[in-house]
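Geometric and topological summary
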There are 2 protein chains.
Amino acid sequence: MVAPKPGFPVRGSKSGQPIMALLDLLGRSWAMGIVWHLYAGPNTFRGLQDYCESISPTTLNTRLKELRDCNLIERTLEGYALTEYGRELYELLEPMGGWARQRWAHSFEENDNKE
Amino acid sequence: MVAPKPGFPVRGSKSGQPIMALLDLLGRSWAMGIVWHLYAGPNTFRGLQDYCESISPTTLNTRLKELRDCNLIERTLEGYALTEYGRELYELLEPMGGWARQRWAHSFEENDNKE
DNA sequence: TAGTTTTGCTATTAAATAAGTAGCAATATG
DNA sequence: CATATTGCTACTTATTTAATAGCAAAACTA
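Residues numbered from 1 in each chain as written. Chains lettered and ligands numbered in written order. Predicted model: local features only at pLDDT ≥ 70, side-chain atom pairs only at ≥ 80, totals over all residues. Heavy atoms only, no water.

**Examining the environment of Ser54(A)**
Condition: For the purposes of this entry, the term helix denotes a DSSP run of H or I that reaches at least four residues, the term strand denotes a run of E that reaches at least two, and both are numbered from the N terminus. Residue contacts follow a heavy-atom distance rule, with two residues in contact if any of their heavy atoms lie within 4.5 Å.
If you trace the backbone, Ser54(A) turns up in the loop between α3 (45-51) and α4 (57-69). Distance in space between the C-alpha atoms of Ser54(A) and Leu67(A) is 19 Å, their sequence separation being 13 residues. Leaving out residues up to four positions away in the same chain, Ser54(A) has contacts with Trp30(A) and Gly12(B).

Okay, here's the thing in structure tokens:
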């Protein structure tokens, strides 16, 4: 699976607008989870496997390669780590955590004939 | 495919933490793209098909059902539309557009031995 | 009111992606 | 030297997505 880069055709956009490339990349299984987790600090391949309860090594490896190709993570002596870009992306993702807990999760408690 | 709801096991989290459920949901093909696009206004099934250049009707329908189950979109007389939750989520996603264009896209222009 | 179009799908099959499992080479550790 | 850990690859199976056809219902057209 080829990493989706801005400027090139990606799933959903022949023009490869950056946001489309990003959504394609992040919309692959575990991609956001890996970024999310690595913000806590660098981690090893096997550490990430443990964190991502059900990821297979093939998928993890594929995803790590794509994220590296896209400049979001890199290998360091302590294992895989977010790059500067990866950290910036995490910071954009981060508010979703609070929203999911404080807002979205509650939408399931209301009965369905809301508003 | 069952929609990932907070509080229930999802891919990657047996406890179903809200953020994990959200990442599972949004990490499925086209999910973010649909939310992204619907912010511009309600759209029909076929309108969404055109927008998502290469989505199949089966996938689109599955995704629409999941997003409805998760309270992010709803059907209106004008077609599918974001709910209040969907709009809130879009607003969290939105900054990624600018970042992708202004920051991330440029990371590919630099040569690889950056920093 | 009988076509024609549009819409929102379903069904079926094929292709792509991800999971599950085993295991191996390289390095570290005892 | 034996054992453990790490970062994978290879292989097979299961799940997800795409491709294509087509149909029923509603709206529009003549």
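**Observations concerning the interface of chain A and chain B**
The condition that has to hold: Buried area is understood as the total, over both parts, of accessible area removed when two parts are fitted together, assessed with a 1.4 Å probe. In the sections that follow, a salt bridge refers to a side-chain nitrogen of Lys or Arg positioned within 4 Å of a carboxyl oxygen of Asp or Glu.
Facing 49 residues of chain A, the contacting portion of chain B comprises 49 residues. Summed over both partners, the interface of chain A with chain B comes to about 4400 Å²; 69% of that surface belongs to carbon and sulfur atoms. Sorting the residues of chain A by area buried against chain B places Tyr85(A), Trp99(A) and Trp104(A) first, and these three jointly supply 17% of that buried surface. For the pair chain A and chain B, the interface holds four salt bridges.

**Details of the side chain of Arg28(B)**
Operational definition: Categorising residues by exposure relies on relative accessible area from a 1.4 Å probe, with only protein chains included: less than 20% of the type maximum marks a residue as buried, more than 50% marks it as exposed, and the intermediate range marks it as partly exposed.
The residue Arg28(B) is located in the loop between α1 (18-26) and α2 (31-38) in this model. Accessibility expressed as a relative area gives 6% for Arg28(B), which makes it buried. Other than its neighbours up to four places away in sequence, Arg28(B) contacts Gly27(A), Met1(B), Val2(B), Ala3(B), Pro4(B), Arg11(B), Arg63(B) and Glu66(B).

**Some thoughts on the pairing of strand β1 (residues 73-76) of chain A**
Defined as follows: Strands pair, by our definition, only if DSSP identifies at least two bridges between them.
Taken together, the four bridges between β1(A) and strand β2 (residues 79-82) of chain A define a ladder with antiparallel strand orientation. Bridged to Thr76(A) within β2(A) is Gly79(A).

**Here's the deal with the side chain of Glu66(B)**
Residue and element names in this part refer to chain B. Keep this limit in mind: Contacts described as polar in this section are N or O atom pairs within 3.5 Å, which, within protein, must combine one atom able to donate a hydrogen with one able to accept it, while residues neighboring in sequence count only if both atoms come from side chains.
Structurally, Glu66 is set in helix α4 (residues 57-69). Among the polar contacts made by the side chain of Glu66, one reaches the side chain of Arg28 at a distance of 3.2 Å. When neighbours within four sequence positions are excluded, Glu66 is seen to be in contact with Met1, Ala3, Leu25 and Arg28.

**A word on the relation of the copies chain A and chain B**
Cut-off, in case you're wondering: What sets the superposition is a least-squares fit of C-alpha atoms, and only residues with pLDDT of at least 70 in both copies go into it.
With an RMSD of 0.0 Å, the operation that places chain A on chain B is a rotation of 180° combined with a shift of 0.0 Å along the axis. What the superposition gives is, in effect, a two-fold axis relating one chain to the other. It is Gly27(A) whose C-alpha, among those of chain A, lies nearest the rotation axis, at 2.0 Å. Taken as a fraction of all interface residues of chain A, those also at the interface in chain B reach 100%, which identifies the copy contact as same-surface.

All we've got here are geometric facts, nothing functional implied.
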